[in-house]
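Spelled out from the first residue to the last, the chains are:
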Amino acid sequence: MPVREYTAADLPQLCKIWNEVVRAGDAFPQTNELAVKEAAEFFAAQSYTGVAVDEQNAPVGLYILHPNNIGRCGHLANASYAVRANCRGQGVGELLVRHCLKTAAEKGFKILQFNAVVAQNTAARRLYEKLGFTLLGTVPGGFLAPQGYLDICLYYRKTEM
C-alpha cells in the first residue's frame, strides 16, 4: 500500500478519517471537527501530510508531521495518525508510522516525540513500542475523554531507521 503526500482532491476523505477520530474522543486532543476549507489550511500548515491509499488511490489513513517545538528544540518532530475505522488492524498504522519516521529524517528532524498517547490506546502503544519508541513516562489525568480524565503516555524515538 503506497503512502504519498496528500493532494487537494484527498481533502473530503481526509476530513472523514480525521473527524472519525475527533468524534470518538479517545485519541486526538482536538474537539472540533474539520470542514474541507479548514482541513485545507490545517494540512497545508504541516511540515508534511502523508496519505496511505488503497488500490483505487482512495485514502485509508493519514498522518501529519510538524515541529514539536521551536529554536533549540526545533529538531524534535511530532505527528498524529488516523486510520479509517474499517481499515484498522490491517497494518495501515504501521505503514504510516514507518513512512513518517523516514520523512521526518528527510526533513531534518532528529527525534519523533509523542506528547499525548492515551494510555488506554493499547494498539497504538504496542505499535510504537514494536517500532522502537521509548516510553518516557505517564501524565495522570492528562487527557479529557468522554468518560473522564485518562492518563497519557509520552514516547520518543530517533528518526534514523
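Residues numbered from 1 in each chain as written. Predicted model: local features only at pLDDT ≥ 70, side-chain atom pairs only at ≥ 80, totals over all residues. Heavy atoms only, no water.

(A) The arrangement of the packing of helix H1 (residues 11–24) against helix H2 (residues 36–44) in detail. Axis separation between H1 and H2 bottoms out at 9 Å; the angle between their running directions is 90°. Between H1 and H2, the angle falls in the class roughly perpendicular. Residues Leu11, Pro12, Leu14, Cys15 and Trp18 of H1 form the contact with H2, whose own contacting residues are Val36, Ala39, Ala40, Phe42 and Phe43. Looking at the contact of H1 with H2 residue by residue, the class counts come to 10 nonpolar, no polar and no charged. (Axes fitted to C-alpha atoms, helices over the stretch in contact; angles between N-to-C directions. Helix = DSSP H or I, 4+ residues; strand = E, 2+ residues; numbered from the N terminus. Parallel < 35°, antiparallel > 145°, perpendicular 65-115°, else oblique. Contact = heavy atoms within 4.5 Å. Nonpolar A, V, L, I, M, F, W, Y, C, P; charged D, E, K, R; others polar.)

(B) The nonpolar core, seen in detail. Core analysis: the biggest nonpolar cluster contains 29 residues, and Leu65, Tyr81, Leu112, Phe114, Tyr128 and Phe133 have the highest contact counts within it. Taken together, the elements giving at least two residues each to this core come down to strand S2 (48–53), strand S3 (59–67), strand S4 (76–83), helix H3 (92–106), strand S5 (111–118), helix H4 (122–130) and strand S7 (148–158). For this core, the element with the highest residue contribution is H3, accounting for six residues. The contact partners of Tyr81, leaving out residues within four places of it in the chain, are Phe28, Leu62, Tyr63, Leu96, Val97, Cys100, Leu112, Phe114 and Tyr128. (Core = buried A, V, L, I, M, F, W, Y, C linked by side-chain atoms within 4.5 Å. Buried < 20%, exposed > 50% of the residue type's maximum accessible area, 1.4 Å probe, protein only.)

(C) Main features of the pairing of S7. As paired elements, S5 and S7 share six bridges and run antiparallel to each other. The partner of Phe114 across the bridge, within S7, is Tyr155. Between the antiparallel neighbours strand S6 (residues 134–145) and S7 lie two residues. (Pairing = 2+ DSSP bridges.)

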